[in-house]
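# A closer look at the structure
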Amino acid sequence: MTSFDALAGGPLPGASLLSATVPLPEPETAATLPPAVLRELAGRGDWMSSWWTVVLLAAAAVGVAVLVAWDRRRRAAARRADDGENDGRGRRTGAWRAWVGTIASGLLVILSVTVAVNAYAGYVPNTAALRTTMAGWGLVDPPPSHRDEPSERDGSSAAGSVTSTPVTAPDLRMADGTTWVYTPPGFDPAAPTRYPVVYLFHGSPGQPSDWFAAADSANVMDTLLEAHLVEPMILVAVDVNGQGPSARDTECLDSTTGGAQVETYVTDVVIPWVDKSFPTVPDREHRAIGGMSSGGFCALNLGLRHLDTFGAIMALEPYGDPGDGGRRMLATKEEFDANSPSRYLPTMDFPEPVAVFLDGGTESPHKDREANRRLAAVLTERGQTVELREEKGQGHTWAMVHVGLPYGLMFLSEHLAQP
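Residues numbered from 1 in each chain as written. Predicted model: local features only at pLDDT ≥ 70, side-chain atom pairs only at ≥ 80, totals over all residues. Heavy atoms only, no water.

The strand order across the open sheet built from 8 strands is S1-S2-S4-S3-S5-S6-S7-S8, with neighbouring strands paired in mixed fashion. The outermost strands of the open sheet, each flanked by one partner alone, are strand S1 (161-166) and strand S8 (385-391). Neighbour-to-neighbour, the strand axes of the sheet open up by a mean angle of 15 degrees, direction not taken into account. Relative to S8, strand S7 (residues 355-361) runs parallel, the two sharing 7 bridges. The residue of S8 that forms the bridge with Ala355 is Thr385. (Pairing = 2+ DSSP bridges. Helix = DSSP H or I, 4+ residues; strand = E, 2+ residues; numbered from the N terminus. Axes fitted to C-alpha atoms, helices over the stretch in contact; angles between N-to-C directions.)

Structure representation (structure tokens):
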């Protein structure tokens, strides 16, 4: 076993060089959005993420189970009364009813647990999000490309537009990527207006449509724009699933073990495509990078490694190193360390300043919360602008991302230059 293989049981994310005697900051936890905005953003759920649905399904499961038990007792009493007469056909009918009832009760329990998990995690908050998620899976048609017919979410003066377009790079082992793009209300590609861009990275497992289903990014942006809390921005959700080793947990790395070249795909394929296809300002002052979970690591690592490309970072529930996915994508410990902010940040040079937003949940694992604080502390010590938040009552879920995303977008809007 090599020393690199032994890393699987190594230090916790963020627990390496960041363990120095640097005072750890306290995160902001207050909900500071205007009440009207909070109400608008809180009203996105329907029966698919309702705890009332969980209660009703559980009650139905219990009710069916009680009926099955009652029917069995009734039939047993009837057989005893008949002294075994005429019990053949009745016994078969009763057994069939018991079997159907048991299956129905079990299915209701499974549905109840599924909705409960979804209500907690916030992955599919409503039926519209379900369709978007299914589109991301390729089960239904996604929104068409902006180059073709209008999107199913057409833009207007009050609502932005969401489109999806295949952006592939087979030579980089990124043959199936689909990029989802939000353009703000009133967007007109023929107009002289140009926009800053925020690149978003999903978690693992995940897909770019998660940003418009679970995170509800389009509605969040529309709401913030209507409240004049952000400036108009284009959001680009990138597919960072590749091919080869760790295909669904690439950590946005350029693999040295035969896997996808995701970092190069982002910087050399996706960003040039966006700048060519949309009215952007193609410089670091107008470009930000963000992500959640492993995508939060992607945003942090790529943002820090490419200060000439990105001027701001939004890392939601991030990690300090690429973890098991990185061990499959990279061949050596040196490569792993070179892609671990928790290791290189304390000695990193900053030829350009970067603004960093870090967020997580108060119910997330302690090691993740401490890692976030250490990252914030070292970034601050290195002279960078940092905002650290934790969302009350939230764990490591998409529900936390939906709560924290407005604050992250406001931070990015504040620190990105406006055309």
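Resuming the write-up.
Now for the pattern of salt bridges. Per the stated rule, a full pass over the model turns up 12 salt bridges. Arg389 is the salt-bridge partner of Glu391, the closest N and O atoms lying 2.9 Å from each other. The residues Glu391 and Arg389 share a single accessibility class, namely buried. (Salt bridge = Lys/Arg side-chain N within 4 Å of Asp/Glu carboxyl O. Buried < 20%, exposed > 50% of the residue type's maximum accessible area, 1.4 Å probe, protein only.)

Turning to the environment of Glu317, a few remarks are in order. Here Glu317 lies in the loop between strand S6 (312-316) and helix H9 (323-329). For the pair Glu317 and Val401, spaced 84 residues apart in sequence, the C-alpha separation works out to 8.1 Å. When residues no more than four places from it in sequence are discounted, the contact partners of Glu317 are Met292, Ser293, Asp359, Gly360, Gly395, His396, Thr397, Met400 and Val401. Only 2.9 Å separates the side chain of Glu317 from the backbone nitrogen of Thr397, close enough to count as a polar contact. (Contact = heavy atoms within 4.5 Å. Polar contact = N/O pair within 3.5 Å; in protein donor to acceptor, adjacent residues only side chain to side chain.)

Following Ser204, the chain continues into Pro205 via a peptide bond in cis, with omega recorded as -5 degrees. Among the secondary structure elements, Pro205 is positioned in the loop between strand S3 (197-201) and helix H5 (210-213). The residue Asp216 is not glycine, and still its phi comes out positive at about 55 degrees. The phi angle at Cys252 is positive, at roughly 60 degrees, despite the residue not being glycine. Here Cys252 lies in the loop between strand S4 (234-238) and helix H7 (262-277).

The next thing to look at is the packing of helix H1 (residues 35-42) against helix H6 (residues 217-226). In the contact formed by H1 and H6, the axes pass within 10 Å of each other and the chain directions differ by 160 degrees. With respect to H6, the element H1 is oriented roughly antiparallel. In this structure, the crossing between H1 and H6 has a hand that is right-handed. Across the interface between the two elements, Val37, Glu40 and Leu41 from H1 touch Asn219, Val220, Thr223 and Leu224 from H6. A class-by-class count of the residues in the contact of H1 with H6 yields 4 nonpolar, 2 polar and 1 charged. (Parallel < 35°, antiparallel > 145°, perpendicular 65-115°, else oblique. Left-handed = near helix turned anticlockwise from the far one by under 90°. Nonpolar A, V, L, I, M, F, W, Y, C, P; charged D, E, K, R; others polar.)

Our focus in this paragraph is the nonpolar core. Side chains of nonpolar character tend, in soluble globular proteins, to be buried together. With 48 residues, the main nonpolar core has Tyr199, Phe201, Val238, Tyr265, Leu304 and Ile313 as its most contacted residues. In terms of residues, this core owes the most to one element, H7, which gives 7 residues. Among all residues touching Tyr199, those that are not within four sequence positions of it are Val236, Val238, Val270, Ile271, Val274, Asp275, Arg287, Ala288, Ile289, Gly290 and Phe310. Listed in part, the 37 residues of the second largest apolar core include Phe212, Ala214, Val220 and Leu412. (Core = buried A, V, L, I, M, F, W, Y, C linked by side-chain atoms within 4.5 Å.)

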